[in-house]
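Letter by letter, the chains look like this.
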Amino acid sequence: MIDVLVLISGTGSNLRALLDAAAQADFPARIVAVGSDTDAPGFAHAREFGIPTFVVSPPAFDSRESWGDELRSLVALWNPDLVVCAGFMRILPANFVRAFAPHIINVHPALLPLFPGAHAVRDALAAGVHETGSTVHVVDEGVDTGPIIDQVRVAVDARDTEESLHEKIKQIERPLLVDTVVSIAHGHIDLKELVAQ
Ligand code: GAR
């Protein structure tokens, strides 16, 4: 059994998938806390499951580093085996990454290394690609640059809008994320080995 801390910024549908999965008796991970950079709507899912939440808001700090220090301190209180960024829309500062690496993963709505950054779905549509998808990767100090753990593909329809395409991606990225956490918990994915390659 591993302890997982989830970071979110938005609606938290990926968090919800993890919470639903963790409610099953045989799930090999438990969600110990949920953090955010803002009072995220997704906190409602955590509250429903009685999971503690916390906010570390960047504007309250005079530098990215001091924000990262506070985030690191709060996350460390829970002593997680794994930090999952599930729609966390801030770049994690280097001091935070160094504290928990390689035990930080992120889910990103594109087939990395294509379309990194905050507008992956919009960028994929603008590029006219016929398929995109979702990637789970190890977080390093870059922007969506860490080693890729797994990916799933989604066809882009000519009628897709950013919203419809993102919804299709979300449908496939939830099981991708849940399955990845299971594989890490069972030791089938070794994050240390992955970053050493
Ligand atoms: C997800 O699609 C996730 O891949 C994306 O934000 C969405 C969060 O949805 N993450 C990024 O874009 C990170 N660069 P959710 O709040 O419903 O889980």
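Everything here concerns the structure above.
Rules behind the numbers
Residues numbered from 1 in each chain as written. Predicted model: local features only at pLDDT ≥ 70, side-chain atom pairs only at ≥ 80, totals over all residues. Heavy atoms only, no water. Helix = DSSP H or I, 4+ residues; strand = E, 2+ residues; numbered from the N terminus. Rg over C-alpha atoms; globule rule 2.2 N^0.38 Å. Buried < 20%, exposed > 50% of the residue type's maximum accessible area, 1.4 Å probe, protein only. Contact = heavy atoms within 4.5 Å. Areas by Shrake-Rupley, 256 points an atom, 1.4 Å probe, with all protein chains shown as cover. Lys, Arg positive; Asp, Glu negative; His and termini not counted. Charge placed at Lys NZ, Arg CZ, Asp CG, Glu CD. Core = buried A, V, L, I, M, F, W, Y, C linked by side-chain atoms within 4.5 Å. Near = heavy atom within 4 Å. Polar contact = N/O pair within 3.5 Å; in protein donor to acceptor, adjacent residues only side chain to side chain.

For the overall build of the protein, give the residues involved together with the corresponding values.
Check the secondary structure of the protein and you find 7 helices and 7 strands. Expected size for 197 residues packed as a compact globule is a radius of gyration near 16 Å; at 16 Å, the protein falls within 12% of this value. In the protein, buried positions account for 48% of the 197 residues. Nonlocal contacts in the protein, meaning residues at least 24 apart in sequence, comprise 64% of its contacts between residues at least 6 apart. Carbon and sulfur atoms make up 52% of the accessible area of the protein, which amounts to about 9400 Å² in all. Counting 14 positive and 26 negative side-chain charges, the protein places the centres of these two groups 2 Å from one another.

Hey, could you go over the nonpolar core for me, with residue numbers and the actual values?
Counting residues in each nonpolar core, the largest one holds 34 residues, and the members touching the most others are V6, V84 and I105. The leading source of residues in this core is helix α6 (residues 162-185), at 6 residues. In contact with V84, other than residues within four places in its own chain, are V4, L5, V6, L7, L18, I105, L177 and V181. Core analysis: the second largest hydrophobic core is formed by 18 residues, F54, V75, F88 and F96 among them.

Explain the site of the ligand to me, using residue names and the numbers behind them.
Around the ligand sit 14 residues in total, of which G12, S13, H166, K170 and E173 are the nearest. V107 has a polar backbone atom sitting 3.3 Å from an oxygen atom of the ligand. A distance of 2.5 Å separates an oxygen atom of the ligand from a polar side-chain atom of E173. Elements with a contribution of two residues or more to the shell around the ligand: α1 (13-22), β5 (104-108) and α6. In terms of residues, the shell around the ligand owes the most to one element, α6, which gives 3 residues.

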